[in-house]
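# Structural overview for review
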Amino acid sequence: MYEPLTLVLVALSLGATIFALSIAGLDRRINWPLLGLTGVIEVLLVGQLVVGIVQLVGTDRDVSGPFFVGYLIGSLLILPIGALWALTESSRWGAGALAIACLVIPVLELRLHDLWAV
């Protein structure tokens with residue numbers, strides 16, 4: 001895996017988690033800056049999908065391809081689902097749902113890193 005991209009994704013996702021939790025703590029709905037940040041994260045996740053598949057095809061490591069690609073695709077689905085949930089929920093729990101979705105991204109990134117390191 002391309003580690004600088006992984007580190008940027010983890011940092012941005014944790015930042016988005018803190019941002020979403022602060023919005024939830026203020027009992028407000030999500031806002032455009034938070035959605036923009038999640039959009040940036042999503043674009044980087046698409047880039048990671050492309051880089052990950054290219055590296056998987058060109059490697060001689062013993063990496064489980066289906067699991068690796070599954071985690072890459074799964075990480076792409078988490079934020080849109082969390083954002084949709086947050087947009088439909090009119091209470092603070094919408095921001096809480098997005099915070100949880102943002103927190104899942106670093107967990108998936110660590111798992112991808114573990115799969116690649118084997």
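First, a word on scope: everything that follows refers to the structure included in this document. (Residues numbered from 1 in each chain as written. Predicted model: local features only at pLDDT ≥ 70, side-chain atom pairs only at ≥ 80, totals over all residues. Heavy atoms only, no water.)

## Concerning helix 2 (residues 32–57)
Between its first and last C-alpha atoms helix 2 spans 37 Å; for 26 residues at 1.5 Å apiece the expected length is 38 Å, and the two agree. Contacts from the buried residues of helix 2 go to helix 1 (3–25), helix 3 (65–88) and helix 4 (92–117). Among the residues of helix 2, the N-terminal cap falls to Asn31, whose side-chain oxygen and the backbone nitrogen of Leu34 are separated by 3.1 Å. (Helix = DSSP H or I, 4+ residues; strand = E, 2+ residues; numbered from the N terminus. Expected span 1.5 Å × (residues − 1). Contact = heavy atoms within 4.5 Å. Polar contact = N/O pair within 3.5 Å; in protein donor to acceptor, adjacent residues only side chain to side chain.)

## Some thoughts on the environment of Arg61
Structurally, Arg61 can be placed in the loop between helix 2 and helix 3. The spatial distance from the C-alpha of Arg61 to the C-alpha of Val46 is 23 Å, given a sequence separation of 15 residues. Engagement of the side chain of Arg61 in a polar contact is seen with the backbone oxygen of Trp116, the distance being 2.6 Å.

## Considering unusual backbone geometry
You will see that Asp27, though not glycine, has its phi angle at about 60°, which is positive. With respect to the helices and strands, Asp27 occurs in the loop between helix 1 and helix 2. Exposure remark for Asp27: the relative accessible area of 46% places this residue in the partly exposed category. (Buried < 20%, exposed > 50% of the residue type's maximum accessible area, 1.4 Å probe, protein only.)

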